[in-house]
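Spelled out from the first residue to the last, the chains are:
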Amino acid sequence: MAFTDRAAHNAALSAPPSNRSGRRGSMEHLPAQHGRYEALLKKAAALPPLKTAVVHPCSAETLSSAVDLKLRGVLDPLLVGPEDKIRAVAKAAGISLLGMVIEPVEHSHAAAERAVELAASGRVAALMKGSLHSDELLSAVMATSSRLRTERRMSHVYLMDIPAYDRLLLITDAAITIQPDLDQKRDICQNAIDFLRLLGVEKPNVVVLAAVETVNSKMQATLDAAALTVMAARGQITNAVVDGPLAFDNAISIEAARAKSIVSPVAGHADILLVPNLEAGNILAKQLIYFSGAGAAGLVLGARVPIILTSRSDSLEVRMASAGLAKLVADQNRQAGAGV
């Protein structure tokens, strides 16, 4: 089951290029609209509340978010942090902790370590960042002793609902790997592909972004993009159409690609944008959020449990969508563990 109308999407893909190029993947001719998280939320709602360790929820924003997601039946949160501080924050903000369970620890570092232990032991099926720095939580997850690491590099995805684009667009990695090398980009790419396939996109279109569309020996991003394209052709990256280097305009606008005479199987209709580095991805995502009014549901992939990274500025819809993504990933993990 897909987020968007995948039947129509696939029908458009199977049509001759001349018949579909002006209808899909282009920002110029589409009305501004939201609501593309609705199918995700509906699918996630069919699953039971996800047992989630909320790590150091010691601000009114993170605590109220955990309580709200519990009341809505999305998460079954376990609050991991200093109990006195959590209760003081709740009292000051007028937040009821009725029915909430607290796992007491002394400080944020201990909260991260304890949450990782709870996930590794199976007491929780997901982690959610509270009011601590992302790197503090992720350092605990990536520690050799955590038992949450896999053979795959962890990476962050933004699943973005952009009003002027015709489907959800995934941007990766904008939060974890600062300057990924080729092998890390391969893992980042495969994480994103596997994630979209879970959501119903059978063969995602991956654009490997750079500033130009040609390979330039002085621009490492173009060399990596060309290598990733060949790796996909040789089966080192699977279940996707990968092409690059392409600039952003050609990734999302068929008109821009046509104006530059670019021939590419993914130009103009990207499902995944693989960015050159964290700075590029973070800037791109935030530009779309603040200039285009996009929603950006975020999740960390590649660990044994999904990790929800939310921002204080996230809307309720985005928080719900991020939690819904975690529910779907955790359900897949459960089925895989049970041999389903």
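J.: Quick one: what's the story with the pairing of strand E7 (residues 205-209), residue by residue and with numbers?
T.: Most of E7 sits out of view: five of its five residues are buried. On E7, burial covers both faces: Asn 205, Val 207 and Leu 209 on one face and Val 206 and Val 208 on the other are all buried. Pairing geometry for E7 and strand E8 (residues 241-246), over four bridges, is parallel. Of the residues in E8, the one forming a bridge with Val 207 is Asp 243. After leaving E7, the chain enters helix H9 (residues 220-233) and then returns to the sheet as E8, a path that is right-handed.

J.: How would you summarise the packing of helix H3 (residues 38-45) against helix H13 (residues 316-337) if you had to cite specific residues and measurements?
T.: Between H3 and H13, the shortest axis-to-axis distance is 9 Å and the interhelical angle comes to 50 degrees. On the basis of the axis angle, H3 is oblique to H13. Remark: the crossing between H3 and H13 carries left-handed chirality. Contacts from Leu 40, Leu 41, Lys 43, Ala 44 and Ala 45 of H3 reach H13 at Met 320, Ala 321, Gly 324, Leu 325, Lys 327 and Leu 328.

J.: Would you mind going over helix H5 (residues 83-93) in detail, with residue names and values included?
T.: Among all positions in H5, only Ile 86, Val 89 and Ala 90 are buried. Along the axis of H5, the buried positions cluster into a sector of 100 degrees, meaning they face one direction only. More than 90 degrees from the buried face of H5, the exposed residues found are Asp 84, Lys 91 and Ala 92. Buried residues in H5 make contact with helix H4 (60-71), strand E2 (75-81) and strand E3 (101-104). Positive backbone phi, at 70 degrees, marks Gly 94, one or two positions downstream of H5.

J.: Let's hear about the environment of Leu 69: which residues, and what values?
T.: Mapped onto the fold, Leu 69 is located in helix H4. Distance in space between the C-alpha atoms of Leu 69 and Leu 50 is 10.0 Å, their sequence separation being 19 residues. When sequence neighbours within four positions are dropped, the list of residues in contact with Leu 69 reads Val 74, Leu 75, Met 128, Arg 319, Met 320 and Ala 323.

J.: Please provide a residue-by-residue account of unusual backbone geometry, values included.
T.: Leaving glycine out, the prevailing phi sign among residues is negative, and the prevailing peptide bond configuration is trans. Put simply, Thr 172 and Asp 173 share a cis peptide bond, and its omega is -5 degrees. When you line up the elements, Asp 173 lands in the loop between strand E6 (169-172) and helix H8 (182-198). Backbone geometry places His 56, a non-glycine residue, at a positive phi of 55 degrees. Structurally, His 56 is set in the loop between strand E1 (50-55) and H4. The backbone of Asn 239 sits at a positive phi, close to 65 degrees, despite the residue not being glycine.

J.: Describe in detail the pattern of salt bridges, supporting the description with residues and values.
T.: The full count for this structure, using the stated rule, is 16 salt bridges. Close ionic contact of Arg 87 with Glu 83 constitutes a salt bridge, the shortest N to O distance being 3.0 Å. A residue pair is termed a helical-turn pair when its members lie 3 or 4 positions apart in one helix, as Arg 87 and Glu 83 do in helix H5 at four residues. Take Glu 83: its relative accessible area is 29%, and that puts it in the partly exposed class. Note that Lys 260 is salt-bridged to Glu 213, the shortest N-O span being 3.4 Å. Here Lys 260, found in the loop between helix H11 (254-259) and strand E9 (272-274), pairs with Glu 213, found in the loop between E7 and H9; they are 47 residues apart in sequence, far enough to count as distant. A relative accessible area of 42% means that Lys 260 is categorised as partly exposed.

Basis of the calculations
- Residues numbered from 1 in each chain as written.
- Predicted model: local features only at pLDDT ≥ 70, side-chain atom pairs only at ≥ 80, totals over all residues.
- Heavy atoms only, no water.
- Buried < 20%, exposed > 50% of the residue type's maximum accessible area, 1.4 Å probe, protein only.
- Helix = DSSP H or I, 4+ residues; strand = E, 2+ residues; numbered from the N terminus.
- Pairing = 2+ DSSP bridges.
- Right-handed = clockwise from strand over helix to strand, strands pointing away.
- Axes fitted to C-alpha atoms, helices over the stretch in contact; angles between N-to-C directions.
- Parallel < 35°, antiparallel > 145°, perpendicular 65-115°, else oblique.
- Left-handed = near helix turned anticlockwise from the far one by under 90°.
- Contact = heavy atoms within 4.5 Å.
- Arc of directions from axis to C-beta.
- Salt bridge = Lys/Arg side-chain N within 4 Å of Asp/Glu carboxyl O.

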